[in-house]
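# Reading the structure
Listed below, chain by chain, are the residues.
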Amino acid sequence: MSLPPYRGGLVDPSLVSPQVAFLPAGAQATRPEELSQRLGIDPEQIALLAANENPLGPSERAVEAAATAVREMHRYPDPEQRKLREALAHYHGVTPEHVFVGAGSTEIIELLVRTFAGPGQTVVGGWPTFAAYRIAAQVAGREFLTAPLSRGRLDLAGIAALVDLRTKLVFIANPNNPTGTHVGLRELVAFLNRLPPETIVVLDEAYADFVEARDYPASIRELLPGHPRLVVLRTFSKAHALAGLRVGYAVMAPPLVRYLELVRPAYAVSAVAEAAALAALEDLEHVERGRRLVFRERAQLLSSLRRLGLRPFPSQANFVCVGGLEGVCEHLERKGLLVRSLTGYGMPDAIRISVGAPEANLRLIEALEAFLEAREGGV
Ligand code: PMP
């Protein structure tokens, strides 16, 4: 299925290249500053449940490492991020030549498209999925072909059916954003074996640290060795709580890394970001505390939503996705609760709620309960 062009919000399409003129608009979440001004709410009282950030905040060790690195900010960073790549290689049991570091995994997604998908070649994935794949492909002038989800899950057979000789890249978000569902090892192996060997498959594991499902693949260890065209994408934005510093990385066969290095802009990853990521990687205790919080609060959130008669997708990520709530975003915003509307993803009655601190999650459930009661009472 190819996506229909979205024309909303365009000012003057003749200003820009045709690829840009047809980009979807309005996928950005409401900003807390805007909400605070619009409704006169104290910014401190706004619960940020729209961007899947870590409610614990950063590791103190990462903060200290960043503060130390700031003293050297008159120097350019290491363009090859050698220290961080070594640490990541050690952590994942690969060599530093297998690791590529970018300014957030979003930068790596852009680079993957620009490096590997040429004119006339296609990029394939599911829909809805992380919007950056579609944007990167469209801006580069590559067609993004998508298979619809099946009950909130990526339909790997449907995706494989879209792959042909023109296909250069396939993006699989596992768990998928915005639904939170995952695909298991066996399914993934069958999928990989079905594709032509020259197709590059990107497994985007931004939320891997929050997965509890036992069939979730340890892809770097189990899949990479047998699949030289596999790219496993990770980020420091979620479990490592560095979203504002922009660090992501990918693990893949060294020849692919070398090509990405040719294309990347110099110095995209700052020295402060590299230093903080190194420290965050070492602070396993902090990561573990965040994961335990997500496990506990996610279960709580899912069961509360079900108690309200809603049917959330089973989530393995630090957010939950639930439909049947048309018009709820305005109601939640008035109560100082920011969640992500999924209208731009073609799911107008659904929202994505980041798992927050216990108090924020409670406020959210209470607000939803009030919304549903008012709706049923015809108020
Ligand atoms: N992949 C997925 C599936 C995501 O949901 C996100 C963040 N929303 C990212 C990648 C990007 O993360 P970052 O650029 O902060 O590393």
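Residues numbered from 1 in each chain as written. Predicted model: local features only at pLDDT ≥ 70, side-chain atom pairs only at ≥ 80, totals over all residues. Heavy atoms only, no water.

Along its length, the protein carries 14 helices and 12 strands. Computed over C-alpha atoms, the radius of gyration of the protein comes to 21 Å, within 12% of the 21 Å expected from 2.2 N^0.38 for 379 residues, which places it in the range of a compact globule. Principal-axis analysis of the C-alpha atoms places the extent of the protein at approximately 60 × 50 × 50 Å. Here the protein holds 379 residues, and the buried ones make up 52% of them. Long-range pairs, those at least 24 residues apart, make up 74% of the contacts in the protein with a sequence separation of at least 6. Total accessible area on the protein is roughly 17700 Å²; 53% of this is exposed by carbon and sulfur atoms. Taken as two groups, the 40 positive and 42 negative side-chain charges of the protein have centres that lie 4 Å from each other. (Helix = DSSP H or I, 4+ residues; strand = E, 2+ residues; numbered from the N terminus. Rg over C-alpha atoms; globule rule 2.2 N^0.38 Å. Buried < 20%, exposed > 50% of the residue type's maximum accessible area, 1.4 Å probe, protein only. Contact = heavy atoms within 4.5 Å. Areas by Shrake-Rupley, 256 points an atom, 1.4 Å probe, with all protein chains shown as cover. Lys, Arg positive; Asp, Glu negative; His and termini not counted. Charge placed at Lys NZ, Arg CZ, Asp CG, Glu CD.)

The buried fraction of strand 5 (residues 167-173) amounts to 6 of the 7 residues, a majority that puts the element mostly inside the structure. Sheet analysis places strand 3 (residues 122-127) next to strand 5, joined by 3 bridges and oriented parallel. Residue pairing across strands places Thr-122 opposite Thr-167, the latter belonging to strand 5. Crossover connection from strand 5 via helix 8 (residues 185-194) to parallel strand 6 (residues 200-204): handedness right-handed. (Pairing = 2+ DSSP bridges. Right-handed = clockwise from strand over helix to strand, strands pointing away.)

In this sheet, strand 4 (residues 143-148) lies alongside strand 3 in parallel orientation, the contact comprising 6 bridges. Directly across from Gly-125, in strand 4, lies its bridge partner Thr-146. With respect to chirality, the unit in which strand 3 leads through helix 6 (residues 131-139) into the neighbouring parallel strand 4 is right-handed.

A separate point is unusual backbone geometry. Here the residue pair Trp-127 and Pro-128 is connected by a cis peptide bond, since its omega of 0 degrees sits within 30 degrees of zero. Within the fold, Pro-128 resides in the loop between strand 3 and helix 6. Cis geometry marks the peptide bond from Asn-177 to Pro-178, where omega comes out at 15 degrees. Notably, Gln-81 is not glycine yet its phi reads approximately 45 degrees, a positive angle. Counting through the fold element by element, Gln-81 comes out in the loop between helix 3 (60-70) and helix 4 (82-92). Overall, the relative accessible area of 2% leaves Gln-81 in the buried class. Backbone geometry at Ala-241 places phi at a positive 60 degrees, although glycine is not the residue there. The residue Ala-241 is located in the loop between strand 7 (230-235) and strand 8 (248-251) in this model. Since its relative accessible area comes to 12%, Ala-241 is described here as buried.

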